[in-house]
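Spelled out from the first residue to the last, the chains are:
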Amino acid sequence: MANHTVEKIGGTSMSDYKAVRDNIVQVDRDPADLYQRIFVVSAYGGITNHLLEHKKSKEPGVYALFANNDSDWQWSERLTDAAKAMREVNAELFELPHSRKQADQFITERMEGIRSCLLDLQRVCSYGHFQIEEHLATVREMLAGVGEAHSAFNTALLLQAEGINARFVDLTGWREPDNQMMDEKIHRIFSKFDLSQEMPIVTGYTQCKEGLMKTFDRGYSEITFSKIAELTEAREAVIHKEYHLSTADPKVVGADKVMPIGRTNYDVADQLSLIGMEAIHPKAAKGLRQKGIALRVKNTFEPHHDGTLITNDYRSEQPAVEIVAGKPHIFAIDVFDQDIVGEPNHILEIQKLVQDFDVPLLAKEHNANTVTLYLDTGLKVVKRIKSRLERYYPGADISSRKVAMVSVIGSDMNVPGILAKLSNALADNKISVLAIHQGMRQVDIRVVVEDDQYEAALQTLHGSLIEPAKQDKAECVA
């Protein structure tokens, strides 16, 4: 392993430069401890929504308006709005006029370059030989990359003003003549740096032949981060978030009742990603896990806390539950058909028919004549899925209902009686268990409950399975 760390800063943290400067970079460090760190940065909070589409509300951004192609001027106006939003960020960050001017010039050059490119593309595609749909993936990547270029350039500029030898590293491919494979590009660029003397500030988006957004969409920054750590053989990979990786969601259970996990393994991280509580994207974790690189998740606003260390080999000293997490507002689709008894291929066929809709599958179960799939999607998609299944299985009884899934997770949960304790705790609080799943690996138990009982189930299981252990530790320390 080398001496350096590779550290990712999320969009919410990036929007608070003072916290980045003081809590993450820690500019007051002794010079001997200041370097040997590569920082991979996300776009400022909200900027990618302007450029692509709003992540939650789906309000169209530049890309969505350009892709719909309803009007030539709508996407162009939204591009102007996005550039304005970026300059407003610059106004908040830069006090010195010449620094702000430099930052504004950088973003103006990028955004006007994108405008020219998109206009040219529209012009070319007005001829029948060229179809704009064939280029939309590239357009999406180009627009996404400018958000990370904006934040990385600004951060390097601001740190240089603090006397730090920060270097802006642009992986977005802007005006690059060659399109390399990701590994080749990272090797080529990072072989140039002396990490003992300079601090790379790197865009979270990497333009490469593989096309990151085709596979990972807006999760691309974690892939860039993990690839850099893997290929430069970092000592440790660090993710800075605005919260700790805790025993449960503090907004549901209460900040006074949860606690940072401290230690866990990549197996637990995979289980968390399945239900949307990602410590890291599972495909980003793969390279770190294979290289034996530890991942640390830290809270930006508690810089002196060690955070959570994730390694390959960790197992809790005693079998125990480490995390209670979950997902509300999911749908269970139930296919009951007595004709599928003894026909195992039907189970695979039903799953394939649903997978064609490209929706996350959280769990599945089946018995002799019933297949149930738990999907993280909305009602409109569920109706389309049911309609398709009804065409293929006209004699089946196909139903759906909105439910919630709560997962009890730990690196070693081989605890005698844990299912009884879990079930009794829920029953005592009048929470009905609709379904339950436990694997032989003993790392997670998934409980399906009514959607409106999600928070109560999370609070109950945390209170029953984790808080007593927390209390016992506190008494031992006392």
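Look above for the structure.
Quick caveat, the model's predicted, so the values are computed rather than measured.

Colleague: Got a minute to help me understand a positive patch on the surface in this structure?
Modeller: Judged by side-chain charge, Lys55, Lys56, Lys58 and Lys251 come together as a positively charged surface patch. Note that Lys55 resides in the loop between α4 (47-51) and α5 (62-68).

Colleague: Could you clarify how one ought to interpret the pattern of salt bridges in this entry?
Modeller: Oppositely charged side chains may form a pair once their charged atoms are brought near each other. Scanning all chains against the criterion turns up 23 salt bridges. Here Glu233 and Lys291 are joined by a salt bridge, their closest N and O atoms 3.5 Å apart. In this pair, Glu233 sits in the loop between α11 (220-231) and β5 (236-241) while Lys291 sits in helix α14 (residues 282-291), placing the two residues 58 residues apart along the sequence. With relative accessibility at 40%, the residue Glu233 sits in the partly exposed group. We classify Lys291 as partly exposed; its relative accessible area is 38%. Here Arg388 and Asp356 are joined by a salt bridge, their closest N and O atoms 3.1 Å apart. Pair noted here: Arg388 is in helix α16 (residues 379-392) and Asp356 is in the loop between α15 (345-355) and β10 (361-366), with a separation of 32 residues, a long-range link. Each of Lys18, Arg21, Asp22 and Glu162 takes part in salt bridges that share partners, so that together they form one network.

Colleague: Help me understand α11, please; the structure alone is not making it clear to me.
Modeller: Its twelve residues give α11 an end-to-end C-alpha distance of 16 Å, which sits within 8% of 16 Å, the value for a rise of 1.5 Å per residue. Of all the positions in α11, only Tyr220, Ser221, Glu222, Ile223, Thr224, Phe225, Ser226, Ile228, Ala229, Glu230 and Leu231 are classed as buried. Two residues or fewer past α11, Glu233 is found with a positive phi of approximately 55°.

Colleague: Even after reading the chapter, I still don't get the packing of aromatic side chains, so can you show me in this structure?
Modeller: Aromatic ring pairs are described here by two measures, namely the spacing of the ring centres and the angle between the planes. The full count for this structure, using the stated rule, is six aromatic pairs. Ring centres of Phe106 and Phe168 lie 5.7 Å apart, and the angle between their planes is 90°; on these two criteria the pair is classed as edge-to-face. Here Phe106, found in helix α7 (residues 97-124), pairs with Phe168, found in strand β3 (residues 166-169); they are 62 residues apart in sequence, far enough to count as distant. Arranged with centres 5.4 Å apart and planes meeting at 85°, the rings of Tyr205 and Tyr220 form a pair that is edge-to-face. Of this pair, Tyr205 sits in the loop between β4 (199-203) and α10 (212-216) while Tyr220 sits in helix α11; the two residues are 15 residues apart in sequence, bridging distant segments of the chain. Judged by relative accessible area, which is 1%, Tyr205 ranks as buried. Residue class for Tyr220 comes out buried when judged on its relative accessible area of 2%. Ring pairs connect the aromatic residues Phe106, Phe153 and Phe168, which therefore count as one cluster. Sitting above the plane of the Tyr63 ring, Arg140 keeps its charged end 4.9 Å from the centroid.

Colleague: Please explain the sheet that holds strand β7 (residues 294-299) as it appears in this structure.
Modeller: One key point about sheets: their strands pair by backbone hydrogen bonds, in either a parallel or an antiparallel sense. Sheet architecture is open: eight strands sit in the order β3-β4-β2-β1-β5-β7-β8-β6, paired in mixed fashion. In this open sheet, the two edge strands, each paired with only one partner strand, are β3 and β6 (263-265). With direction set aside, neighbouring strand axes in the sheet form an average angle of 20°. As paired strands, β7 and strand β8 (residues 308-311) are joined by three bridges and run antiparallel to one another. Counterpart to Arg296 in the pairing with β8 is Leu309.

Colleague: What am I meant to see in the packing of helix α13 (residues 266-274) against α14 here?
Modeller: Relative placement of two packed helices is described by the angle separating their axes and the distance separating the axes. One can describe the packing of α13 onto α14 by two numbers: an axis separation of 10 Å at closest approach and a directional angle of 170°. When the interaxial angle is binned, α13 and α14 end up roughly antiparallel. Residues Tyr266, Asp270 and Ser273 of α13 pack against Pro282, Ala285, Leu288 and Arg289 of α14.

Colleague: Would you take a moment to explain the environment of Phe168 for this structure?
Modeller: Judged by relative accessible area, Phe168 falls into the partly exposed class, the value being 24%. With 16 residues separating them along the chain, Phe168 and Ala152 place their C-alpha atoms 6.3 Å apart. With residues up to four places along the chain from it excluded, the contact list for Phe168 reads Phe106, Ala149, Ala152, Phe153, Ala156, Ile201 and Thr203.

What counts and what doesn't
- Residues numbered from 1 in each chain as written.
- Predicted model: local features only at pLDDT ≥ 70, side-chain atom pairs only at ≥ 80, totals over all residues.
- Heavy atoms only, no water.
- Patch = residues over 30% accessible without salt bridge, like charges linked within 9 Å, V, L, I, M, F, W, Y side chains within 5 Å.
- Areas by Shrake-Rupley, 256 points an atom, 1.4 Å probe, with all protein chains shown as cover.
- Salt bridge = Lys/Arg side-chain N within 4 Å of Asp/Glu carboxyl O.
- Lys, Arg positive; Asp, Glu negative; His and termini not counted.
- Charge placed at Lys NZ, Arg CZ, Asp CG, Glu CD.
- Helix = DSSP H or I, 4+ residues; strand = E, 2+ residues; numbered from the N terminus.
- Buried < 20%, exposed > 50% of the residue type's maximum accessible area, 1.4 Å probe, protein only.
- Expected span 1.5 Å × (residues − 1).
- Phe/Tyr/Trp six-rings, centres within 6.5 Å; stacked < 30°, edge-to-face > 60°.
- Lys NZ or Arg CZ within 6 Å of the ring centre and 35° of its normal.
- Pairing = 2+ DSSP bridges.
- Axes fitted to C-alpha atoms, helices over the stretch in contact; angles between N-to-C directions.
- Parallel < 35°, antiparallel > 145°, perpendicular 65-115°, else oblique.
- Contact = heavy atoms within 4.5 Å.

By themselves, these figures tell us nothing about what the structure is for.
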